[in-house]
Amino acid sequence: MIIYFSGTGNSRYIAKRIADNIRDELIDANDKIKRCDTRTIQVNDRLVVVTPTYAWRIPWLVRDWIRKTHFQGVRQVWFVMSCGAEIGNAAKYNRLLCEEKDFDYMGTAQIVMPENYIALFHTPETEKARQIVSDAEPVIDNVCRQIVAGHAFAAPRNNLYDRVMSGPVNKLFYPLCVKAKAFHVSDDCIGCGKCVKLCPLNNITLENSKLVWGRRCTHCMACISYCPEKAIEYGKKSSKKERYYFEKL
C-alpha cells in the first residue's frame, strides 16, 4: 500500500508512479486527514509513505495522523520524501515513528521536485520545473526497484547541518512561521470554494462570499497555488510570484 500526502501535487505524482510501478493500492492521506478518519487500515505487509518535506521532516499533520491510525498487517515501511532541495535528518524521525508504531523501518528516500513554498521561495519557471521532474524520474524508478526487491533505502546524508535543521529548526519553524494570518484575498476572488475543498485541515471557510482563514494551517500552499484567479496572496511575500502546482506541467 502507498499512502501519500500532497499540497501541490509533487508527492501525489511520485506516489502514483510508485503505485503503477509496483502494482499496489494507493491511499490519499489528504482525504483521510480532512475527514479526521483514523479508522483501521488493512495493509498487506508493506507500506510506502510518500510526503513532501516541511522544514526538513515529514509534515507534522501526517506524523500525527499516522500516530492515531491503526495499520493492520504492516511489517515493512518505506518513506519517500519530495523536497525542493534536501530532507536534512528526517530519516531519524521517520525511524523513531516506526519504532513507536512497531513497524520495520526500511529507510527514507529523497526525491528533488520543483519548489512550491511560495511563502518563502520563488517557484521555478515551467521549463525548469519540467527538467527537475525529468531528472527525478530515474530516482523514482530506483525507489520502485528497491521496494519491490524488499531492500532498505541507503541511509541519506546526516551531518551537523542536517541534524540542526531537522531538530531545533523544525521545532521552531511551526510556531514561528506556520501561520495563516498572512493569507488574504483580492477582489478577483470568484467564491468558487476550491481552496475550501483543498484545505486538509478545514482551515478555510467561505462566509458571506468572503474567504476566512482559521488558525489550523500547515502551509501546504494548496489554497494559494490552485486558486484559478490567483486571488490569494500570502502577505507581500507571494506578490508577483508564479504559482506552482504539478498538473500545470
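Let's talk about unusual backbone geometry
Outside of glycine, negative phi angles account for most residues, and trans bonds account for most peptide bonds. Unlike most non-glycine residues, Asp102 shows phi in positive territory, near 60 degrees. For Asp102, the location among the structural elements is in the loop between helix H4 (90–101) and strand E5 (104–112).

Structural notes on the packing of helix H3 (residues 60–68) against H4
Contact geometry of H3 with H4 gives a least axis separation of 10 Å together with a crossing angle of 15 degrees. Looking at the two axes, H3 sits roughly parallel to H4. H4 is crossed by H3, and the crossing has right-handed handedness. Contacts between H3 and H4 pair Arg63, Ile66 and Arg67 from the former with Leu97, Glu100 and Lys101 from the latter. Residues that form the contact of H3 with H4 fall into these classes: two nonpolar, no polar and four charged.

Concerning the pairing of strand E4 (residues 71–83)
Burial of E4 is extensive: 10 of the 13 residues sit out of reach of the surface. Direction of pairing for strand E3 (residues 41–52) relative to E4: parallel, over a ladder of 10 bridges. Bridge pairing in E4 places Leu47 opposite Val77. Where the polypeptide runs from E4 across H4 and back to E5, its parallel neighbour, the crossover connection is right-handed.

Structural notes on the pattern of salt bridges
On inspection of all chains with the given rule, the structure shows 19 salt bridges. Two residues, Arg12 and Glu247, come together in a salt bridge whose shortest N-O distance is 2.8 Å. With Arg12 in helix H1 (residues 10–22) and Glu247 in the segment after strand E9 (232–234), this residue pair connects regions lying 235 residues apart in the sequence. Accessibility expressed as a relative area gives 17% for Arg12, which makes it buried. One connected set of salt bridges, linked through shared partners, spans Asp31, Lys32, Arg35, Asp37 and Arg39.

A few points about the sheet that holds E4
Sheet architecture is open: five strands sit in the order E2-E1-E3-E4-E5, paired in parallel fashion. Either end of the sheet is taken by a strand with one partner, and the two such strands are strand E2 (26–28) and E5. If you compare each strand with its neighbour and ignore which way they point, the axes differ by 25 degrees on average. Most of the contacts of H3 go to E3, to which it runs at about 165 degrees, and overall it touches strand E1 (2–4), E3 and E4. On top of the sheet, helix H5 (residues 126–149) reaches E3, E4 and E5; it is set at about 165 degrees to E5, its chief contact.

The rules behind these values
Residues numbered from 1 in each chain as written. Predicted model: local features only at pLDDT ≥ 70, side-chain atom pairs only at ≥ 80, totals over all residues. Heavy atoms only, no water. Helix = DSSP H or I, 4+ residues; strand = E, 2+ residues; numbered from the N terminus. Axes fitted to C-alpha atoms, helices over the stretch in contact; angles between N-to-C directions. Parallel < 35°, antiparallel > 145°, perpendicular 65-115°, else oblique. Left-handed = near helix turned anticlockwise from the far one by under 90°. Contact = heavy atoms within 4.5 Å. Nonpolar A, V, L, I, M, F, W, Y, C, P; charged D, E, K, R; others polar. Buried < 20%, exposed > 50% of the residue type's maximum accessible area, 1.4 Å probe, protein only. Pairing = 2+ DSSP bridges. Right-handed = clockwise from strand over helix to strand, strands pointing away. Salt bridge = Lys/Arg side-chain N within 4 Å of Asp/Glu carboxyl O.

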